[in-house]
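As a plain string of letters, each chain reads:
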Amino acid sequence: MFEGKLVILRALEKEDLSSLKEWRNSLHVRKSTREYKLLNMINQKNWFESIHQTNPPKDIMFGILNKRKKLIGVAGLTYIDWKNRHSEISIYFSTNNWQVKSEAIEVINLIMEYGFEELNLNRLYVEIFSLMKENIKLFTKMKFIKEGQLREKVWRQNKWWDTLIFSKLAKEYKKLK
Amino acid sequence: MIMKKKINIQLKQITKSDLKLLVRWRNSKEIFQNNTQYFLLNSKIQKNWFNLLENDSSRKMFIISYNKIKIGICGLVDIDSQNKHAKIAIIIGKINLHSKGLGTIALQNLLNYGFTKLNLHRIEAEVIEYNKTSMYFFKKSKFKTDAIYRDIVWRNNRWWNIYSMSLLKDNFNKI
């Protein structure tokens, strides 16, 4: 368990999957993730099984609890590349507009601490759809560097959108600490 | 009258008998150093790769044939039919046939296949920064650099950037 001032990260459990399903199917999460289908429990269970198949794991997922121990979101490291030591950060909350809350910043800081200091990763990145202005703002505020913009990579809401790649390197993280 | 011999490049289905050739190409120094794959292939790995290929709609791979000689392999991987994009893989295994424009013709055939037959919207190529030849190769076919992933690959005792290049359907001129 990783504890911050506002939130706690604990291992994601199978019992969390039905909450996750609801959240992932809600518009505020769906418009920001690569998944375009609505998810059912079979999808969720298969995904949960699949992230426990490899050792070392490719994905390490946490449930985000508030101080009253209520599950309020999900975060983790995905596509972990142990050879080249990089990984994508995944994060979403149950509620809309989470990007402006202090909890979000704390979760990303906890994930970075774990990724850089514990797993010895070298680069953490996010891929953000250009329609997700809130996410762009959040990761810019957290001093992630924009590496570029992949042109017209996703089809959403009846048009093409670019995706933006933001990253932070271990040396940049350590300098800011 | 001097007749210019037509360069006959074709993309052909990969067969089991090609696998030995693929292992040799992909383990060769020139090819290996420019790929992100970091282990040497054996025939078991290559066979598994081939068996998975058959039922995998996210990958379409071809042998490149030049005047009936097999000179390389190319294909589209990570095909995303929802967002209509894919990544390119291409190797000219016969090193002595590099820089003769054969790869470019093969690439044009492959792009034509991707944009016309698969109706893709965007095709992407990732190139390690020291692989200037490939960067020029894709630029020549109107690929543009979209992003530079910093320190994303560890090779030869240091970090390197990878260039993410792409070509959109609208910018592709059929030959």
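Reading guide: rules and limits
Residues numbered from 1 in each chain as written. Chains lettered and ligands numbered in written order. Predicted model: local features only at pLDDT ≥ 70, side-chain atom pairs only at ≥ 80, totals over all residues. Contact = placed C-beta atoms within 7 Å. Helix = DSSP H or I, 4+ residues; strand = E, 2+ residues; numbered from the N terminus. Nonpolar A, V, L, I, M, F, W, Y, C, P; charged D, E, K, R; others polar. Expected span 1.5 Å × (residues − 1). Buried ≥ 20, exposed ≤ 12 C-beta atoms within 10 Å, placed from the backbone. Axes fitted to C-alpha atoms, helices over the stretch in contact; angles between N-to-C directions. Parallel < 35°, antiparallel > 145°, perpendicular 65-115°, else oblique. Left-handed = near helix turned anticlockwise from the far one by under 90°. Arc of directions from axis to C-beta.

A few words now on the interface of chain A and chain B. Each partner contributes residues to the interface: chain A has 18 residues there, and chain B has 19 residues. Of all the secondary structure elements, the ones that give two or more residues to the side of chain A that touches chain B are β7 (145-156) and β8 (159-169) of chain A. Broken down by element, the residue count for the side of chain A that touches chain B peaks at 9 residues, all from β7(A). The residue inventory of the side of chain A that touches chain B, partitioned by class, reads 6 nonpolar, 6 polar and 6 charged.

With that out of the way, let us pick up helix α3 (residues 43-54) of chain B. Helix length check: α3(B), at 12 residues, gives a terminal C-alpha distance of 17 Å against a target of 16 Å (1.5 Å per residue), a fit within 8%. For α3(B), a buried count of 0 out of 12 residues is recorded, marking the element as mostly open to its surroundings.

All names here are of chain B. Interhelical geometry of helix α1 (residues 19-27) versus α3 gives an angle of 120° and a closest axis separation of 10 Å. Taken together, α1 and α3 sit at an angle that is classed as oblique. The two elements α1 and α3 meet at a crossing, and its hand is right-handed. Contact residues: α1 offers L19, L22 and V23, while α3 offers S43, Q46, K47 and F50. Here the contact of α1 with α3 is built from residues that sort into 4 nonpolar, 2 polar and 1 charged.

This part covers the environment of K137(A). Residue and element names in this part refer to chain A. Within the secondary structure layout, K137 lies in helix α5 (residues 133-141). Look at K137 and you get partly exposed, because 13 C-beta atoms sit within 10 Å. Separated by 38 residues in the primary sequence, K137 and Q99 have C-alpha atoms spaced 8.2 Å apart.

Residues and elements named next belong to chain A. With 17 residues, helix α4 (residues 102-118) should cover 24 Å at 1.5 Å per step; its first-to-last C-alpha distance of 23 Å lies within 8% of that length. Of all the positions in α4, only A104, V107, I108, I111, M112, G115 and F116 are classed as buried. Buried residues of α4 fall within an arc of 145° about the axis and therefore sit on the same side. Turned more than 90 degrees away from the buried face of α4 sit S102 and E118, all of them exposed. Looking at the residues trailing α4, positive phi occurs at N120, about 60°.

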